[in-house]
Amino acid sequence: MKKNPAPNPLEGRIILIGNPNVGKSVIFNYLTGKYVTVSNYPGTTVEVATGTLSLRGKKFQVIDTPGINSLIPTSEDEKVTRDILLQDVQEGPCHLVQVIDTKNLRRGLLISLQLLEMGLPFTVVLNMWDEAKSRGIEIDLKTLSRELGLPVLRAVATRKKGLEKIKEHVQQPGPVNTPSLSYTDLIEEGICRILPLLPETPIAKRSLALMLLSGDESLVQWLHRHLSPEEIAKIERIRQEVQASYQDPIGYLVNQVRLKKVDEMLSRVQTSSEVVPKTLSLFLGRLTIHPLWGIPVLLVVLFLLYQFVGVFGAKISVDFLEETLFGEWLLPPLIEFVRRTLPIQWVQDLLVGPYGIFTMALTYAIAIVLPIVGCFFLFFGLMEDSGYLPRLAVMTNRLFKKMGLNGKAVLPMVLGLGCDTMATMTTRILDTEKDRTIVTLLLALGVPCSAQLGVILGMFTGLPAFYVLLWGGLIATVIIVVGYLAAKVLPGEGSDFILELPPLRLPTLSNILVKTLARIEWYLKEAVPLFVLGTLLLFLLHQTGGLTFLEKVSTPLVVHLLGLPAKATEAFIVGFLRRDYGAAGLYMLAREGLLNPRQILVSLVTITLFIPCVAQFFMMIKERGLKTSLFITGFILPVAFGVGALLNFVMALVGR
């Protein structure tokens, strides 16, 4: 896990903050250009983008924080943003830029009040000004600036209108007008009692006291770093005493006061006409989430996603890179060079052998997974910038709720049909660790990658349609049942399904390309080493006879439980190296006439539910940790053989 790059202590930082889907990333790309680093915030799996802005001969670090709806966190994304404000702003001069969707000014101003209560200076950018105007929304900028005591700018980020003014307002922090917000007498008394107990912080102590009174559990670690156990216990007693006087949570009461203040401000700065033009964007936006017509739109988008990622990326591109570029142009001369210059056999095997760093690790990482990663990131950016991404989640939410998830899970699951390794990476878009763990489990359990799926469908050629329908039905049933049970058993809370639906927009190509290249750079730095590590492990097992031992141990399970020939054991061993290799081994057995229709079905159900390939396994370790990854693998193995054995028994019983 990478640490955030340290800021330049001489120049300072620019921190972009705002609600989800307000255009922060577009403004970030405008300010930073191509000098972008995407890394995990320390101690989390949340990605934070950083870049550099050169301005008037000085350099500033620009940080694009995750989107938030409140500075009292309810998700890991919101906690990261709050922690950046709570901790990172003290590391040097910084200037905040709050980006607000002009159409949803009320929601943005709620964040503005919290920032003002923190005592942090910032500039407000009202983005999507053109969309608000098309809906008849007018904002009095001068009055709003006076109400907040801050500079307020208007912008249309996708067209780069108004963005140059942001640079003009990057300056040293100035004075902040603290909003005149008064809470109930008991809450104010609780604030006064907590204030003397708090350490010096880069934000106003009153704001921190309000967070603690509101029951912000995400501050526990911070409190233990700065206060004694006795002081922490005293703060908790104060909170409980104040809470005992109210039926509603204190956080709710605090929020109501802030919303009342926001509504008062809105009444003075915003006017709206009653007639909203029916644009094509609005029509298509409603169509995409319609209970009936949204379904064919959803199916078309998923089909295009699969065709672009699963067919063009995982087949056409991979075939060219693997068979032509690596198979004919690069590897043959490299293998010849290694064999001539390095006469030691084990060194040759390490570099260009069956489990060699060049012939397996880099070939897999660059020729097989990279084109799939690039195609997905490109399509993902297209859906992200067009505004369809949240609509896709809305349309599939009902289905995934049955598995204890929400509609956001559709993206990694569909992506798994292209490459499960890369799909495991994208579970980061889910809100809670519980959701990410469940989707990781389901990907490893029953989602075949496109290469494996192609071989599987090829094996069903010539068999009655009943077999492929039974295969698909069994896999879907296992996924739904396991997802449902996992949601009941795994600790933690599932995430609420709260998404803003932005209007559909025409994506900006330059913005999509910048984000895609930044994500590919991350893949090359973070994921490729996992392929090398996995290959080294297989090399050691091969050299020490470990692979042969595993084959002998597994043979009784394959023969007696699944009713398959002993030679099928090799397919399952190789399936751990790469999913489609395992399916290809079964395909060769079927071609040789060693598998009958029942054995074909049993073997394909088992290999589909089999443990993840080595690349996905190492990606699981990186994303979920070693303990969770071993548990998932240990759970999947008996499930795969158990379902296969049960299917074999039932089909033999009915004479199939």
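It should be noted that the structure appears before, not after, this text.
As the structure is a computational prediction, the values presented were derived from the model and not from experiment.

1. Overview of unusual backbone geometry
Here is step 1: The residue N21 is not glycine, and still its phi comes out positive at about 60 degrees.
Here is step 2: Position of N21 among the secondary structure elements: in the loop between β1 (13–18) and α1 (24–32).
Here is step 3: We classify N21 as partly exposed; its relative accessible area is 34%.
Here is step 4: At K160, a residue that is not glycine, the phi angle is positive and equals roughly 60 degrees.

2. Here we look at the side chain of R624
Here is step 1: With respect to the helices, strands and loops of the structure, R624 is situated in helix α28 (residues 614–624).
Here is step 2: Given the relative accessible area of 7%, R624 is considered buried.
Here is step 3: Here T427 takes part through its side chain, which lies 3.1 Å from a polar atom of the side chain of R624.
Here is step 4: Of note is the side chain of R624, whose polar atom sits 3.1 Å from the side chain of T440.

3. Focus on the packing of aromatic side chains
Here is step 1: Scanning the entire structure with this criterion turns up 10 aromatic pairs.
Here is step 2: Ring centres of F610 and F641 lie 6.1 Å apart, and the angle between their planes is 75 degrees; this geometry places the pair in the edge-to-face category. With a gap of 31 residues between them, F610 in the loop between α27 (597–608) and α28 and F641 in helix α29 (residues 626–653) connect regions that are remote in the sequence. Taken individually, F610 and F641 each receive the classification buried, so the pair is uniform in this respect.
Here is step 3: These aromatic residues form a ring-pair network of at least three members: F308, F312 and F379.

4. Comments concerning the side chain of S629
Here is step 1: When you line up the elements, S629 lands in helix α29.
Here is step 2: Side-chain polar atoms of S629 contact the backbone oxygen of M620, separated by 3.1 Å.
Here is step 3: At a separation of 3.1 Å, a polar atom in the side chain of S629 contacts the main-chain amide nitrogen of I621.
Here is step 4: Here S629 is in contact with F617, M620, I621 and R624, once residues within four sequence places are set aside.

5. What about the pattern of salt bridges?
Here is step 1: Using the criterion set out here, one finds 18 salt bridges in the structure.
Here is step 2: The partner of E117 in a salt bridge is R258, and the shortest N-O contact between them spans 2.7 Å. You can see E117 sitting in helix α3 (residues 105–117) and its partner R258 sitting in helix α11 (residues 250–269), a full 141 residues away along the chain.
Here is step 3: With a shortest N-O distance of 2.9 Å, E336 and R340 are connected by a salt bridge. Here E336 pairs with R340, and both are found in helix α13 (residues 294–341), just four residues apart, close to one helical turn.

About the cut-offs
Counting starts from 1 at the beginning of each chain's written sequence and moves along it residue by residue. For this predicted model, a pLDDT threshold of at least 70 governs which residues receive local features, and a threshold of 80 or more governs which side-chain atom pairs are given and counted, while totals over whole chains, interfaces and linings are taken from all residues. Side-chain numbers here rest on the full set of heavy atoms in the structure, without hydrogens or water. Strands are runs of DSSP state E lasting at least 2 residues, helices are runs of H or I lasting at least 4, and numbering of each runs from the N terminus. Throughout this description, buried means an accessible area under 20% of the type-specific maximum (1.4 Å probe, protein chains only), exposed means over 50%, and partly exposed covers the range between. A 3.5 Å cut-off defines polar contacts: any pair of N or O atoms within that distance qualifies, except that in protein one atom must be a possible hydrogen donor and the other a possible acceptor, and neighbouring residues in sequence count only when both atoms are side-chain atoms. Aromatic rings from Phe, Tyr and Trp, with only the six-membered ring used for Trp, were paired whenever their centres fell within 6.5 Å, and each pair was classed as stacked if the ring planes differed by under 30 degrees, edge-to-face if by over 60, and tilted otherwise. In this analysis, two residues are considered to be in contact whenever any of their non-hydrogen atoms come within 4.5 Å of each other. Any carboxyl oxygen of Asp or Glu that lies within 4 Å of a side-chain nitrogen of Lys or Arg is treated as forming a salt bridge with it.

These results come straight from atomic positions and should not be treated as a statement about function.
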